[in-house]
Amino acid sequence: MTVYIKELRQNFKSLCIWTVSIAFMMMVCIMLFPEMKGEMDSVSSVFANMGGFTAAFGMDKLSFGEIMGFYGIECGNVMGIGGGFFAALAGISVLSSEEKERTAEFLLTHPVSRFSVLTQKLISVLTQVVVLNIIVVAVSLISVVVVDEQFEMKEFILLHTAYLIMQLEIACICFGISAFIKRGSIGIGLGLALMFYFMNIVCNISDQAEFLRYITPYAYSEASSIISESALDTGLIVIGILVGAAGAVVGYLKYLKKDIAA
């Protein structure tokens, strides 16, 4: 577990910064709800008449005047974008960083197999994603108690379950891509997460782009659908899990045979 612990220590600062930033923004959004609650009905009616913009962010299915509706729209975007970006960054750099920082030759000359190195690195990435989600969930629950509101717990749990699976999928896909990169590229990871996010917006707006729902992990973590239907789209989630697993497997296959640059 030496590599696993090393990875966690090496990325501890990054994990803290991203976790604190996302949790803080979630807390601020929740704290603002009581002040805005009385005006939310009029806000909801305004957004309801904005056509494609309303559908793009699912505001046609949720009410800003209810805590779960407000949380799903406002905090959902924070968690979706922030969490997705963090997962992408963690995954895209975990393998390529060894060559970028010229530490691969030192690491791989030790009596530990490449398979073990890969496994420990992947688990470290998944651990970071899980820790971020646990802390954000805890902060959200504490914040909602402070403002004297109450979540619908079923919808809340389903929503954060979807966010977690979405982030794990992105992390695994980026893990696979990382095996093909020699010098690392944060831009690739961020670009991929951003592309997935906008794919979801496009398929919400246009029926002709419905096929994108089977590509982007943001489709099954859509807060408006989860909260309004009180259910997850298991079909899309299964596809997402399979895609994520495929990304990880590709990373293994490539890295096990890769000529590592010193």
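Residues numbered from 1 in each chain as written. Predicted model: local features only at pLDDT ≥ 70, side-chain atom pairs only at ≥ 80, totals over all residues. Heavy atoms only, no water.

**Q** In this structure, what is going on with the packing of aromatic side chains? I would like to understand it.
**A** The relative placement of two aromatic rings is captured by the distance of their centres and the angle of their planes. Applying the stated criterion across every chain yields a total of nine aromatic pairs. The interplanar angle of 45° and the centroid separation of 5.7 Å between the aromatic rings of Tyr-71 and Phe-156 together place this pair among those described as tilted. In this pair, Tyr-71 is assigned in helix H5 (residues 67–93) and Phe-156 in helix H9 (residues 153–178), connecting sequence segments 85 residues apart. The class of Phe-156 is buried, set by a relative accessible area of 2%. A connected cluster of aromatic rings, assembled from ring pairs, spans Tyr-71, Phe-151 and Phe-156. (Phe/Tyr/Trp six-rings, centres within 6.5 Å; stacked < 30°, edge-to-face > 60°. Helix = DSSP H or I, 4+ residues; strand = E, 2+ residues; numbered from the N terminus. Buried < 20%, exposed > 50% of the residue type's maximum accessible area, 1.4 Å probe, protein only.)

**Q** Is there a simple way to think about the packing of helix H1 (residues 2–10) against helix H8 (residues 114–146) in this case?
**A** Two measures define how a pair of helices packs: the angle their axes make with one another and the distance between the axes. Packing of H1 against H8 brings their axes to within 8 Å, and their N-to-C directions diverge by 40°. Considered as vectors, H1 and H8 are oriented oblique to each other. Regarding H1 and H8, the two cross each other, and that crossing is right-handed. Contact residues: Thr-2, Val-3, Tyr-4, Glu-7 and Leu-8 in H1; Val-117, Gln-120, Lys-121, Ile-123, Ser-124, Thr-127 and Gln-128 in H8. Taken together, the residues that form the contact of H1 with H8 break down as five nonpolar, five polar and two charged. (Axes fitted to C-alpha atoms, helices over the stretch in contact; angles between N-to-C directions. Parallel < 35°, antiparallel > 145°, perpendicular 65-115°, else oblique. Left-handed = near helix turned anticlockwise from the far one by under 90°. Contact = heavy atoms within 4.5 Å. Nonpolar A, V, L, I, M, F, W, Y, C, P; charged D, E, K, R; others polar.)

**Q** Help me out: how do you make sense of the packing of H5 against H9 in this one?
**A** One way to put it is that H5 packs onto H9 with a least axis distance of 8 Å and a crossing angle of 20°. By the angle between their directions, the pair H5 and H9 is classed as roughly parallel. For H5 against H9, the interelement crossing comes out right-handed. Residue classes in the contact of H5 with H9 are distributed as 15 nonpolar, ten polar and one charged.

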